[in-house]
Amino acid sequence: MFQKILQSLQAKYNNGQGVNHVIGSTCHNIAMLYMWEGCFEDALNYMNMAVSIRVKTLGYFHASVAVSFAKLGIIYFALERLSSSIRSFNQALDIRIKLSDEDSLQTAKLLNNLGVALFHQGEKANAMDRLIDALRIQKKWIEESLCRECSIFDTSVTLSNLAKIYYSRCDNIMAAYLYEEALELQTSILNKDHQAVLGTLCNIALAKAMAGEATNSLQILKTLHNLQSEKFGDKSREAAEIKGLMGVLFIQQSNYTVALRHLNDLLKWQRANLDVNNPSLVNTKCIIEQISHSVKNM
């Protein structure tokens, strides 16, 4: 439908005075459709057209141009072209600052996306600065205005991304704290078995395990396993994977009997669902054999 609209608009304005901002909006919308379908190269072509036309018809420092640059950054990120992604996010950010829009929720989301791209580029310090800037804006909106659910969720996403940076730097205590902050926000607006909540619970457990808090981590994983089993079934992949994580932690606690029980549950699922030569299955078998051999020699 948008393609036909675009052709009609191009025919109309090509016979008149040239491009029109409506054509830029149509190119932007077509790019978004391709983006949602995962056709990122096609999305890139149309979004670049949208940027070019919007700059020409609206001027560079316009909110619509900032929106297209922001989406262009997401497309480049999906294509793993990180330098181009960072450049596009920065261009969008420069426009928002010029328009005195630096404290809006849209700017906060843009700063979060820029931080993620910088993190993947390996620029962890710069990534942390951008995420902290985003968090400052988001917390201000939550504390001083009506707390819309999308604002609360976006803030939890920023907290989780900041936690990932601390986790990558082996500051696991701070990572666990930030994940817990994210979880508190998520559980205020989402069901306890929402995928985002379950993912954050798992991240908290991993961070605490890496911080040497195996007992606390196991308690969280037990809760997570119960939630996964209720939502997906006791024989689901999600439940089996948590069993495997618990098995590893029980090994660290030298509780080999319980560890073997959990790892055998994982192996049972893997044998029923994976190829016999799958690396994960082979690895689980090797761990079980090593532990069983150690137990026999104790």
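Quick note: structure is the one above.
Residues numbered from 1 in each chain as written. Predicted model: local features only at pLDDT ≥ 70, side-chain atom pairs only at ≥ 80, totals over all residues. Heavy atoms only, no water.

### Quick look at the overall build of the chain
Right, so step 1: Of the regular secondary structure elements, the chain holds 14 helices and zero strands.
Right, so step 2: In the chain, the succession of helices and strands from N to C terminus is α-α-α-α-α-α-α-α-α-α-α-α-α-α.
Right, so step 3: At 24 Å, the chain has a C-alpha radius of gyration far larger than the 19 Å of a compact globule built from 298 residues.
Right, so step 4: Principal axes of the C-alpha set define a box for the chain whose edges measure 85 × 45 × 35 Å.
Right, so step 5: Here the chain holds 298 residues, and the buried ones make up 42% of them.
Right, so step 6: A separation threshold of at least 6 residues defines the contact pool for the chain, and within that pool the share at least 24 residues apart is 54%.
Right, so step 7: Taken as a whole, the chain presents about 16000 Å² of accessible surface, with 52% of it coming from carbon and sulfur. (Helix = DSSP H or I, 4+ residues; strand = E, 2+ residues; numbered from the N terminus. Rg over C-alpha atoms; globule rule 2.2 N^0.38 Å. Buried < 20%, exposed > 50% of the residue type's maximum accessible area, 1.4 Å probe, protein only. Contact = heavy atoms within 4.5 Å. Areas by Shrake-Rupley, 256 points an atom, 1.4 Å probe, with all protein chains shown as cover.)

### A word on a nonpolar patch on the surface
Right, so step 1: A cluster of nonpolar side chains, namely Tyr60, Phe61 and Leu99, defines an oily patch on the protein surface of about 260 Å² accessible area.
Right, so step 2: Secondary-structure assignment places Leu99 in the loop between α5 (82-98) and α6 (105-121). (Patch = residues over 30% accessible without salt bridge, like charges linked within 9 Å, V, L, I, M, F, W, Y side chains within 5 Å. Salt bridge = Lys/Arg side-chain N within 4 Å of Asp/Glu carboxyl O.)

### Focus: helix α8 (residues 149-168)
Right, so step 1: Counted at 1.5 Å a residue, the expected span for α8 with its 20 residues is 28 Å, and the 29 Å between its end C-alpha atoms agrees.
Right, so step 2: Here α8 has its buried residues at Ser151, Ile152, Thr155, Ser156, Thr158, Leu159, Ser160, Asn161, Leu162, Ala163, Ile165 and Tyr166.
Right, so step 3: On its buried face, α8 is in contact with α6, α7 (124-144), α9 (172-187) and α10 (195-210).
Right, so step 4: Positioned one or two residues after α8, Cys170 has a phi angle of 65°, which is positive. (Expected span 1.5 Å × (residues − 1).)

### Some thoughts on the pattern of salt bridges
Right, so step 1: Inspection of the entire model under this criterion finds nine salt bridges.
Right, so step 2: The residue Asp103 makes a salt bridge to Arg136 at a minimum N-O spacing of 3.6 Å. One end of the pair, Asp103, is in the loop between α5 and α6; the other, Arg136, is in helix α7, with 33 residues separating them in the sequence.
Right, so step 3: Classification of Asp103 as partly exposed rests on a relative accessible area of 33%.
Right, so step 4: Overall, Arg136 belongs to the partly exposed group, its relative accessible area being 46%.

### Focus: the packing of helix α4 (residues 63-78) against α6
Right, so step 1: Where α4 contacts α6, the two axes come as close as 11 Å, and the packing angle between them is 25°. Judged on the interaxial angle alone, α6 and α4 are roughly parallel. Both α4 and α6 take part in a crossing whose hand is left-handed. On the side of α4, the interface is formed by Ala70, Ile74 and Phe77, while α6 contributes Leu110, Asn113, Val116, Ala117 and His120.
Right, so step 2: Its residues assigned to classes, the contact of α4 with α6 comprises six nonpolar, two polar and no charged. (Axes fitted to C-alpha atoms, helices over the stretch in contact; angles between N-to-C directions. Parallel < 35°, antiparallel > 145°, perpendicular 65-115°, else oblique. Left-handed = near helix turned anticlockwise from the far one by under 90°. Nonpolar A, V, L, I, M, F, W, Y, C, P; charged D, E, K, R; others polar.)

### A look at the packing of aromatic side chains
In this description, an aromatic ring pair is defined by two values, namely the gap between the centres and the angle between the planes.
Right, so step 1: This structure, assessed with the given rule, holds three aromatic pairs.
Right, so step 2: A centroid spacing of 5.8 Å and a plane angle of 20° characterise the contact between Tyr34 and Tyr46, whose relative ring orientation is stacked. Highlighted residues: Tyr34 in helix α2 (residues 21-36) and Tyr46 in helix α3 (residues 40-58), separated in sequence by twelve residues.
Right, so step 3: We classify Tyr34 as partly exposed; its relative accessible area is 22%.
Right, so step 4: Site record: aromatic cluster; members linked through ring pairs are Tyr60, Phe61 and Phe69.
Right, so step 5: The ring of Phe61 carries the charged tip of Lys98 above its face, separated from the ring centre by 5.5 Å. (Phe/Tyr/Trp six-rings, centres within 6.5 Å; stacked < 30°, edge-to-face > 60°. Lys NZ or Arg CZ within 6 Å of the ring centre and 35° of its normal.)

### Here's the deal with unusual backbone geometry
Right, so step 1: Of note, the phi angle at Ser100 is positive, near 60°, even though the residue is not glycine.
Right, so step 2: Of note, Ser100 is situated in the loop between α5 and α6.
Right, so step 3: Note on Ser100: relative accessible area 61%, which makes it exposed.
Right, so step 4: Here Ser254, not a glycine, exhibits a phi torsion of approximately 60°, which is positive.
Right, so step 5: Residue placement: Ser254 occurs in the loop between α12 (237-252) and α13 (256-273).

### Some thoughts on the nonpolar core
Right, so step 1: Counting 69 residues, the largest nonpolar core has Met47, Phe69, Leu72, Leu162, Leu201, Leu221 and Leu224 as the members making the most contacts within it.
Right, so step 2: Of the residues forming this core, the biggest block, nine residues, is contributed by α10.
Right, so step 3: Once residues lying within four places of it in the same chain are set aside, the contact partners of Phe69 are Val51, Tyr60, Ser88, Gln91, Ala92 and Ile95.
Right, so step 4: Counting six residues, the second largest nonpolar core, distinct from the first, contains Leu260, Leu267, Leu281 and Ile288. (Core = buried A, V, L, I, M, F, W, Y, C linked by side-chain atoms within 4.5 Å.)

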